[in-house]
Structure formats: structure tokens, C-alpha cells
Amino acid sequence: MNYRIILSSNSPRRRELLAGLDIDFTVRVLPDIDESYPADLPVREIPIYISRKKAEAYRKTMAPDELVITADTVVVLGREVLGKPAGRDEAVAMLRKLSGQRHQVITGVCLSTCDRQHSFEVTSHVTFKTLTEQEISYYVDRYQPFDKAGAYGIQEWIGYIGVTSLEGSYFNVMGLPVQRIYTELQRFVNETC
């Protein structure tokens with residue numbers, strides 16, 4: 001590969017997932033990137049919009065041989081976007097909403113070099129069993145999922161006991177659709193050669 005890959009994420013899960021592709025990369029995180037989006041933006045477009053916004057923050061600092069990967073994941077229940085909970089009460093409220101429901105996990109990814117950019121999104125559908133108040137409290141108190149969209153990690157206890165079905169990429173639900181990233185990186189790099 002002619003590029004040095006940069007992953008722009010604080011997420012240990014994203015780092016672990018990208019490492020699973022056996023691609024050499026470094027992590028670079030810029031502070032205080034604005035992740036807001038227009039209120040009238042269609043729900044499905046939010047992750048792509050934010051991943052592009054993150055990418056633009058990096059473009060000023062990129063070297064010509066660097067390729068930056070930015071990503072954003074949202075959980076969508078109906079038309080409601082469930083981001084990262086602000087604290088315990090919000091995490092509990094989110095899990096109550098997801099209990100017994102089918103929802104979408106959408107990740108927007110942006111691949112950027114100094115002169116090119118390519119974005120895509122991956123959607124997975126997840127269904128939870130009806131969770132008890134005890135299960136919700138146990139999970140939130142023990143795992144403190146405050147850094148996770150929708151207040152849960154599928155790879156944690158709540159995923160083991162609560163997820164009854166999954167359509168799409170499991171790794172997308174964890175936060176990074178690595179199979180699709182692998183395919184898109186190959187395409188992106190080959191188009192530059």
C-alpha cells in the first residue's frame with residue numbers, strides 16, 4: 001500500500017478491529033472535533049455527515065502519503081437517534097427503549113487523502129429480547145457503557161444475554177465494519193495507482 005494509514009479514533013474497539021485486518025496503522029486523534037449535525041438531516045445520513053466532518057478536521061494536517069480513516073456510529077430506533085449516553089440515567093433510558101425492539105446500527109466511514117475522499121455507510125439490524133430492570137441496571141452499573149452509541153456493546157454481557165437476532169455485520173455493531181473497510185480500502189488504493 002502506498003499510504004500510511006491513520007485511524008482517527010479514541011475507541012479501543014475500533015483500534016482492535018482495524019488491527020484484525022493485519023494492516024499497519026497509527027492512531028491520531030484531534031481534540032474537540034465538532035460532531036453536531038443539522039436537525040433536519042435524514043437519520044441515515046448522520047453517520048456519513050459526521051465522519052466527513054471529522055475527516056475535514058484532519059485534512060489540514062495530513063501528509064501527501066497519509067490516508068485517514070474516520071468513522072461515526074449511531075443507533076437508530078424508529079426515527080430516534082441514540083448516541084452516547086451522558087450518564088447512568090440516560091443509559092438506562094436508552095436500554096429501556098431498545099428492550100424488546102429491533103433497531104439499526106449505522107456506521108459512516110470516510111477514507112481521505114490530501115486530494116481524494118470516499119465515504120460509505122454500513123447498516124446492521126439488531127433485535128433485543130425484553131430486558132428486565134435488573135438486567136439493565138446490572139449491565140449499566142457493571143459495564144458503564146457511556147462511550148457507546150445506544151448505551152450498549154454487543155460484545156459485552158448485554159449482547160450475550162439480550163441480542164436475539166442480528167442481520168448484517170457484527171463488527172459494524174461493535175463500531176467498525178472491517179470487512180467493508182478492507183474492500184473499500186483496496187478499491188480506493190487501486191484507483192490511485
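The following refers to the structure shown. (Residues numbered from 1 in each chain as written. Predicted model: local features only at pLDDT ≥ 70, side-chain atom pairs only at ≥ 80, totals over all residues. Heavy atoms only, no water.)

Quick look at the pairing of strand β5 (residues 102–112) now. Burial analysis of β5 places nine of its eleven residues in the buried class, which makes it a mostly covered element. Direction of pairing for strand β3 (residues 66–77) relative to β5: antiparallel, over a ladder of nine bridges. Counterpart to V76 in the pairing with β5 is Q104. Sheet topology note: the β5/strand β6 (residues 117–128) ladder contains eleven bridges and is antiparallel. The partner of G108 across the bridge, within β6, is E121. (Buried < 20%, exposed > 50% of the residue type's maximum accessible area, 1.4 Å probe, protein only. Helix = DSSP H or I, 4+ residues; strand = E, 2+ residues; numbered from the N terminus. Pairing = 2+ DSSP bridges.)

The subject of this paragraph is the pattern of salt bridges. Per the stated rule, a full pass over the model turns up 19 salt bridges. The partner of D65 in a salt bridge is R4, with the nearest N and O atoms 3.0 Å apart. Taken together, the residues D65 in the loop between α2 (46–59) and β3 and R4 in strand β1 (residues 4–7) connect sequence positions 61 residues apart. Close ionic contact of E184 with R187 constitutes a salt bridge, the shortest N to O distance being 3.2 Å. (Salt bridge = Lys/Arg side-chain N within 4 Å of Asp/Glu carboxyl O.)

Further remarks concern the pairing of β3. For β3, the tally of buried residues reaches twelve of twelve residues, placing the bulk of the element in the interior. Side chains E66, V68, T70, D72, V74 and V76 project from β3 onto one buried face, and the interleaved L67, I69, A71, T73, V75 and L77 project onto a second face that is buried too. By the bridge criterion, four bridges tie β1 to β3 in an arrangement that is parallel. Pairing of R4 across the sheet is with E66, part of β3. In terms of strand pairing, β3 meets strand β4 (residues 80–82) through three bridges, oriented antiparallel. Each bridged residue has a counterpart across the sheet, and for L77 the counterpart in β4 is E80. Hairpin geometry of β3 and β4 is characterised by an intervening segment of two residues between the two adjacent antiparallel strands and by a positive phi of about 65° at G78.

Before going further, it helps to spend a moment on the nonpolar core. L67, I69, Y152 and I181 are the most contacted members of the largest nonpolar core, which has 42 residues in total. Those residues in contact with L67 that sit more than four places away from it in its chain are Y3, R4, I5, I6, L111, S112, T113, L185, F188 and V189. By size, the runner-up hydrophobic cluster in this structure holds six residues, among which are I50, V74, V76 and I106. (Core = buried A, V, L, I, M, F, W, Y, C linked by side-chain atoms within 4.5 Å. Contact = heavy atoms within 4.5 Å.)

Below, the discussion takes up the packing of helix α3 (residues 88–98) against helix α4 (residues 133–143). Two numbers describe how α3 lies on α4: the axes approach to 10 Å, and their chain directions differ by 135°. When the axis of α3 is compared with that of α4, the two are oblique. Note on packing geometry: the crossing formed by α3 with α4 is right-handed. Along the contact surface, α3 presents R88, A91, V92, L95 and R96, while α4 presents E133, I136, S137, Y139, V140 and D141. For the contact of α3 with α4, the per-class residue count stands at six nonpolar, one polar and four charged. (Axes fitted to C-alpha atoms, helices over the stretch in contact; angles between N-to-C directions. Parallel < 35°, antiparallel > 145°, perpendicular 65-115°, else oblique. Left-handed = near helix turned anticlockwise from the far one by under 90°. Nonpolar A, V, L, I, M, F, W, Y, C, P; charged D, E, K, R; others polar.)

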